[in-house]
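The chain contents come next:
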2 protein chains.
Amino acid sequence: MSNTDLHRLFEPRNIAVIGASSTLGKWGAIIFFNILNGGFPGAIYPVNPGRKTVMGLDCYASVADIPEPVDLAMITTPAPTVLPLIDACGVKGIPFVIVVTSNFSETGPEGTRLEREVVARARSYGMRIVGPNTMGIFSSRRDLHALMPPVMPLRGPVSMFSQSGNLGTQMLAWGSSVGVGFEKFISSGNEGDLTCVDYLRYYGDDPATKVILAYLEGVDPHSDFLSVAREVSRKKPLVALKGGRTRVGGRAAASHSGAMAGSTDIYRGAFRQSGVIQVSTTQGLIDCAKAFSHCPLPRGNRVAIVTRGGGWGVITADACEENGLEVPPLPEDLVRKIDKVLPPYWSRSNPVDMVAALGPEPIEACLKIIAQWDGVDAIIAAGAAGGMAMQVPERSRLPEDYKKNLSQLFNPRQTHFRKLDETLELIKDLVKQKGKPIINLAFRRPDSDGEAPHDPAIVTFPTPERAVRVLRRMAEYQAYLTGA
Amino acid sequence: MSNTDLHRLFEPRNIAVIGASSTLGKWGAIIFFNILNGGFPGAIYPVNPGRKTVMGLDCYASVADIPEPVDLAMITTPAPTVLPLIDACGVKGIPFVIVVTSNFSETGPEGTRLEREVVARARSYGMRIVGPNTMGIFSSRRDLHALMPPVMPLRGPVSMFSQSGNLGTQMLAWGSSVGVGFEKFISSGNEGDLTCVDYLRYYGDDPATKVILAYLEGVDPHSDFLSVAREVSRKKPLVALKGGRTRVGGRAAASHSGAMAGSTDIYRGAFRQSGVIQVSTTQGLIDCAKAFSHCPLPRGNRVAIVTRGGGWGVITADACEENGLEVPPLPEDLVRKIDKVLPPYWSRSNPVDMVAALGPEPIEACLKIIAQWDGVDAIIAAGAAGGMAMQVPERSRLPEDYKKNLSQLFNPRQTHFRKLDETLELIKDLVKQKGKPIINLAFRRPDSDGEAPHDPAIVTFPTPERAVRVLRRMAEYQAYLTGA
């Protein structure tokens, strides 16, 4: 019997860590440390014959000694120790084992032989294996941080599986700094037993997962990956970064995850036909995660651009056209409406260049008018939530009373930017009312990287090009869903 | 007589601001405020017939009343007032006037007529005009912050001219958050008189300027731009972002800066032949500014990749191949040397995957070995200066003594990452010794955006793709210089 329902893997009642110790610097210790620090609410059993306690918890010599049934075990000890430990876990009736240990199929024929033996042994007990050579698992619902790096992801609707543990866990960390929240994560390792197809199927059925991210190096051409992807992508967006797209990258992937990289063109076509949203950079992966988590899909590819500065309008328009998005001309009735709220020298066209209009009122008025426009499917608002924090250098010659009141005078959340939060609320309301994405561009400031999550529901990027690339992916996905 | 030596424009002894007031919310007031706050060491003369003092300084009714010769005047008052003010400045013998005022050629034929009249009048006094419709000037040497936005750039070797004031000044602000320092900046506005050709020539001759950035929407096809670019690019890198590359972007550019956008293909070819380093995004502009400021040029296009995590090696290799950079195989003697410093399961190839080796020693040892390799022209070190700060969530179940010592246990500058600063120093030394660029990848962490300038001399990017694109531009520029 094989367990294909991964519920007890992703939401275990309890967990045993084989090779747990208190010696930080060892991975078994660090993972154990991360689980404790993450606050997993179930029982945590360190297993190590050489210790009585680990970080304050009673330690067991073997999984056999644990006084209750165990849902999930992790093995962190060297490769030659793994096979007997699998036996111990099998006898104990543990349904899932994560083999963190490396030095299996990724290192050559000898490792491959051992890996096959480990998997066959596990199967004989009806047990399923994650890995080997994995960095572990994260599960928001169970506060489970069974990972090698000490990362504390934001909580949110994104679930990810990754054929690189390092890259995957870095995405979790990166998410925290840009407002992308995660629900579940698994580092799939060598995929000796459970594969990305299993994780994809599980995420597809998981109601808490709204967006799926994948980092892939190789997919078994005989697997169900494409057919499962086709089913899942009907239900929720599946965004994939494929590593090993090139000859050299493929060579590196082979030595990293043992993956057969396969031809780029074949992947690209097959992925497209299965509704997979393909990105070619880590930046694209995290940007799509952000936008797909929080924005409705555009119904088409027509974009309105509103900007405080003409240059930004120009390069945003360039990026739109280069990415197959339309920037339709502004209809005469909208021109007349906007005439009433902007100074006479505004651009009178799309992009709507507000020509350095200060304060929140002009952009709010423009956004309200443009949100009514049926001729566009999405809005990019450049500088809606901008502003710049003010510094007082040593050499400042300002009068003292100005220096004292500087934060009042120029702080982006004060004076002429004092209604920033209201503008952001307006954007949120308009998105909700109209069901159209509004992407906000907040340029970088000395005090911020421009994408700090004021409120993750307001999708913000620091450059127009990234906003446009994401809108393109969204429009393409919408076209796939509707068969357009 | 026309003054083509822009020294008194970029390094004026004193400055008059016509339309200065104390009413923040008016541009004349904000610019005056920014000049005072920036600490310009020369005399600052507010000119406004309606005021006795402005922000604590004596105010003059007219430039005629200023008691000494004036190098630079700024006009911030509405368009209809500009012509008589030009007369006043001309009579006073002021060599340079920055006309911030908009509503000239960018708004149509009427504005164009007025702009021509303003320029002709200025010329009749031998006076040169910046703008109109400009956001002003920055000059590090004179602490001159005569700009509309309250931006305080980092000081450094980059000078920029921009046909969008908003985009240009945002680059100054962005530079502060990623370690790109500026020497001079000018918002060229409508270029009624002085044009980007004049600024380019001046920056080309300016010994303090090591790297030139340009945001361009249109270049007069009859101008000397290409021939000047050809001369300047022999001496220092000229990195350009061209707005209005597409039909829609070109339409927006016409209404923004009145620029004739011209055909993309013609620009691209002509720029390439003139040694202009072309980027297509603002991100590319700032990334090139960073790398060209601090890195020696690679002598060719061969790259070694060192990584703590296999996935990063794979996608870095992909990005290299997709950008025309070679990732040559590792020679046998280097494999043997690295065998001595890494665990047996390292990749034994380029990318050098250190397989999650902890601590600074392995990467330092690898970098020292690879820096000796004559077969590569540049090194990308993924995760050399990485690490993750540790958080303690509310729900943490760590023992109290661990919680207390957490910053000791996992702080990136402590324990196993305690020698981070030494690793960065090593990178700096190796770059100096070998004259080869080493680009550092520091992935994003919850507490940082991954590109905070530890030390701007160590060029750091948060994604491999950005590092690779920059290396490509550097290799192409080197090939241009050597005729390869």
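Owing to the predicted nature of the structure, the values given are computational and were not obtained by experimental measurement. (Residues numbered from 1 in each chain as written. Chains lettered and ligands numbered in written order. Predicted model: local features only at pLDDT ≥ 70, side-chain atom pairs only at ≥ 80, totals over all residues. Heavy atoms only, no water.)

A.B. asks: Even after reading the chapter, I still don't get the overall build of chain A, so can you show me in this structure?
C.D. replies: Scanning chain A for helices and strands turns up 17 helices and 19 strands. Taken over 484 residues, chain A has a buried fraction of 65%. A separation of at least 24 residues holds for 72% of the contacts in chain A among residues at least 6 apart in sequence. In the form shown here, chain A has an accessible surface area of approximately 16700 Å², with 51% of it arising from carbon and sulfur atoms. (Helix = DSSP H or I, 4+ residues; strand = E, 2+ residues; numbered from the N terminus. Buried < 20%, exposed > 50% of the residue type's maximum accessible area, 1.4 Å probe, protein only. Contact = heavy atoms within 4.5 Å. Areas by Shrake-Rupley, 256 points an atom, 1.4 Å probe, with all protein chains shown as cover.)

A.B. asks: What's the story with the interface of chain B and chain A in this structure? I'm lost.
C.D. replies: By a widespread convention, an interface's size corresponds to the accessible area lost as its parts come together. Every contact between the two is made by 107 residues of chain B and, on the other side, 106 residues of chain A. Summed over both sides, the interface between chain B and chain A buries roughly 8100 Å², with carbon and sulfur atoms accounting for 61% of that surface. Remark: the boundary between chain B and chain A carries 6 salt bridges. Residues E321(B) and R247(A) are paired through a salt bridge, measuring 3.7 Å at the closest nitrogen-oxygen approach. At the junction of chain B with chain A, the criterion picks out 34 residue pairs in polar contact (both at pLDDT 80 or more). Looking at the side of chain B that touches chain A, the elements with two or more residues in it are α2 (27-38), α5 (165-178), β13 (238-242), α8 (247-257), α10 (282-294), α11 (310-322), α15 (406-410) and α17 (464-482) of chain B. (Buried area = accessible area lost by both parts, 1.4 Å probe. Salt bridge = Lys/Arg side-chain N within 4 Å of Asp/Glu carboxyl O. Polar contact = N/O pair within 3.5 Å; in protein donor to acceptor, adjacent residues only side chain to side chain.)

A.B. asks: I tried to follow the packing of helix α12 (residues 332-339) of chain B against helix α13 (residues 360-371) of chain B on my own but got confused; where do I start?
C.D. replies: The geometry of a pair of packed helices is captured by two quantities: the angle between their axes and the separation between those axes. Residues and elements named next belong to chain B. Contact pair α12 / α13: the axes reach a minimum separation of 10 Å and the direction vectors enclose 160°. Judged by the inter-axis angle, α12 sits roughly antiparallel to α13. The handedness of the crossing between α12 and α13 comes out as right-handed. Counting all contacts with α12, which are made through L334, K337 and I338, the residues of α13 involved are C366, I369 and I370. Across the contact of α12 with α13, the residue classes break down as 5 nonpolar, no polar and 1 charged. (Axes fitted to C-alpha atoms, helices over the stretch in contact; angles between N-to-C directions. Parallel < 35°, antiparallel > 145°, perpendicular 65-115°, else oblique. Left-handed = near helix turned anticlockwise from the far one by under 90°. Nonpolar A, V, L, I, M, F, W, Y, C, P; charged D, E, K, R; others polar.)

A.B. asks: I tried to follow the domain arrangement of chain A on my own but got confused; where do I start?
C.D. replies: Residues and elements named next belong to chain A. Along its sequence, chain A is carved into domain 1 (1-135), domain 2 (151-294) and domain 3 (296-482). Relative placement of domain 1 and domain 2: their C-alpha centres are 24 Å apart. Taken together, the contact pairs 25 residues of domain 1 with 21 residues of domain 2. Both sides together, the interface formed by domain 1 and domain 2 hides about 1800 Å², and carbon and sulfur atoms give 56% of it. (Domains from an automatic or database assignment.)

A.B. asks: Sorry, what's going on with the relation of the copies chain B and chain A here?
C.D. replies: Superposing the two chain copies requires a rotation about an axis and a translation along that axis. Overlay of chain B on chain A (RMSD 0.0 Å): rotation 180°, translation along the axis 0.0 Å. Within this description, the copies of the chain are treated as partners about a two-fold rotation axis. The fraction of interface residues of chain B whose copies in chain A are also interface residues reaches 99%, indicating that both copies meet through the same surface. (Least-squares fit on C-alpha atoms with pLDDT ≥ 70 in both.)

A.B. asks: Would you explain unusual backbone geometry in this entry?
C.D. replies: Peptide bonds are mostly trans, and most non-glycine residues show a negative phi. With omega at 5°, the peptide bond leading from N350(A) into P351(A) counts as cis. Looking at the secondary structure, you find P351(A) in the loop between α12 (332-339) and β16 (352-353). Residues G131(B) and P132(B) are joined by a peptide bond in cis, for which omega reads -5°. Note on placement: P132(B) falls in the loop between β7 (128-130) and β8 (136-139). Even without being glycine, N133(A) reaches a positive phi, approximately 65°. Tracing the sequence through the fold places N133(A) in the loop between β7 (128-130) and β8 (136-139). Taking relative accessible area as the criterion, N133(A) reaches 22% and is therefore assigned partly exposed.

A.B. asks: Teacher, can you tell me more about the pairing of β8(A) here?
C.D. replies: Regular strands place side chains that alternate from one sheet face to the opposite one. Residues and elements named next belong to chain A. Burial along β8 is two-sided: the residues G136 and F138 and I137 and S139 are all buried. By the bridge criterion, 4 bridges tie β8 to strand β9 (residues 144-147) in an arrangement that is antiparallel. Bridge pairing in β9 places S139 opposite L144. One ladder, built from 3 bridges, connects β8 with strand β11 (residues 182-187); its direction is antiparallel. Residue pairing for β11: S139 is matched across the bridge by K184. (Pairing = 2+ DSSP bridges.)

A.B. asks: Would you take a moment to explain the sheet that holds strand β10 (residues 155-162) of chain B for this structure?
C.D. replies: Whenever strands of a sheet pair, they do so through backbone hydrogen bonds, lying parallel or antiparallel. Residue and element names in this part refer to chain B. Here we have 7 strands laid out as an open sheet, ordered β9-β8-β11-β10-β12-β13-β14, and mixed in their pairing. A single partner strand is all that each edge strand has here, and the edge strands are β9 (144-147) and β14 (277-279). For this sheet the average axis-to-axis angle between neighbouring strands, irrespective of direction, equals 20°. In the sheet, β10 pairs with strand β11 (residues 182-187) via 6 bridges, with the strands oriented parallel. Following the sheet pairing, S162 is matched in β11 by S187. Strands in contact with helix α6 (residues 196-205) are β10, β11, β12 (211-216) and β13; relative to β10, the strand with the most contacts, it is inclined by about 160°.

A.B. asks: Please clarify how the pattern of salt bridges should be interpreted in this entry.
C.D. replies: When the charged atoms of two side chains with opposite charge come close together, those side chains can pair. Residues and elements named next belong to chain B. Enumeration according to the criterion identifies 52 salt bridges over all chains in this entry. The partner of D143 in a salt bridge is R155, with the nearest N and O atoms 2.8 Å apart. Within this pair, whereas D143 is found in the loop between β8 and β9, its partner R155 is found in strand β10, the two being separated by 12 residues in sequence. Residue D143 is classed as buried on the basis of its relative accessible area, which comes to 18%. On the basis of relative accessible area, R155 is assigned to the partly exposed category, the value being 33%. Salt-bridge contacts for D377 lead to R302; the nearest nitrogen and oxygen are separated by 2.9 Å. Of this pair, D377 sits in the loop between α13 and β17 (378-382) while R302 is found in the loop between α10 and β15 (303-307), placing the two residues 75 residues apart along the sequence. Judged by relative accessible area, which is 27%, R302 ranks as partly exposed.

A.B. asks: Is there a simple way to explain the packing of aromatic side chains in this structure?
C.D. replies: Any two aromatic rings considered together are summarised by their centre-to-centre distance and by the angle between their planes. Residues and elements named next belong to chain A. Tallied over the full model, the rule gives 18 aromatic pairs over all chains. Here the aromatic rings of F10 and Y199 are separated by 6.4 Å at their centres, their planes lie at 85°, and the arrangement is edge-to-face. Here F10 is found in helix α1 (residues 7-10), whereas its partner Y199 is found in helix α6 (residues 196-205), with 189 residues between them in sequence. Y199 carries the same exposure label as F10, and that label is buried. Between F10 and Y203, the aromatic rings sit 5.6 Å apart at their centres with planes inclined by 55°, giving tilted as the arrangement. Taken as a pair, F10 in helix α1 and Y203 in helix α6 lie far apart in primary sequence, 193 residues in all. Each member of the pair, F10 together with Y203, is buried. One aromatic cluster is present, formed by F10, F161, Y199, Y202 and Y203 through successive ring pairs. Of note, K242 hangs over the ring of Y267, and the distance from its end group to the ring centre comes to 4.4 Å. (Phe/Tyr/Trp six-rings, centres within 6.5 Å; stacked < 30°, edge-to-face > 60°. Lys NZ or Arg CZ within 6 Å of the ring centre and 35° of its normal.)

A.B. asks: Explain the sheet that holds strand β18 (residues 438-441) of chain B here, please?
C.D. replies: Residues and elements named next belong to chain B. Across the sheet, which stays open at both edges, the 5 strands sit in the order β16-β15-β17-β18-β19 with parallel pairing between neighbours. With one partner strand each, in any of the chains shown, β16 (352-353) and β19 (460-461) form the two edges of the open sheet. As judged from the 5 bridges shared by β15 and β17, these two strands associate in the parallel manner. Residue pairing for β17: T307 is matched across the bridge by A382.

A.B. asks: Where do I start with helix α17 (residues 464-482) of chain A in this structure?
C.D. replies: Every α-helix winds through 3.6 residues per turn, so residues three or four apart in the chain are directed the same way. The terminal C-alpha atoms of α17(A) lie 27 Å apart, and with 19 residues this matches the ideal 27 Å at 1.5 Å per residue to within 8%. Just past α17(A), the residue G483(A) takes up positive phi, approximately 70°. (Expected span 1.5 Å × (residues − 1).)

A.B. asks: How should I be thinking about the pairing of β10(B) in this particular structure?
C.D. replies: All names here are of chain B. Within β10, 6 of the 8 residues are buried, which leaves it mostly tucked inside the rest of the structure. For the crossover from β10 across α5 to β11, the handedness is right-handed. With 5 bridges connecting them, β10 and β12 associate as parallel partners. Note on β12: the bridge partner recorded for M160 is L213. (Right-handed = clockwise from strand over helix to strand, strands pointing away.)

A.B. asks: Is there a simple way to explain the side chain of T101(A) in this structure?
C.D. replies: All names here are of chain A. Inspection of the secondary structure assignment puts T101 in the loop between β6 (96-99) and α4 (109-124). In terms of polar contacts, T101 uses its side chain to reach the backbone carbonyl oxygen of T77, at 2.6 Å. If we ignore the near neighbours within four places in the chain, the residues touching T101 are I75, T76, T77, P78, A79, V82, P132 and N133.

A.B. asks: How do you make sense of the confidence of the model for chain A when you look at a structure like this?
C.D. replies: Do not read the predicted coordinates in detail wherever pLDDT is low. All names here are of chain A. Mean pLDDT over chain A stands at 89; residues scoring 70 or higher make up 90%. Low pLDDT (under 50) marks residues 411-418, which in the prediction has 25 contacts with non-local residues, meaning those over four places away or in another chain. Low pLDDT (under 50) marks residues 445-450, which in the prediction has 23 contacts with non-local residues, meaning those over four places away or in another chain. As a predicted assembly, this complex carries a pTM of 0.92 together with an ipTM value of 0.90. (pLDDT = per-residue confidence, 0-100.)

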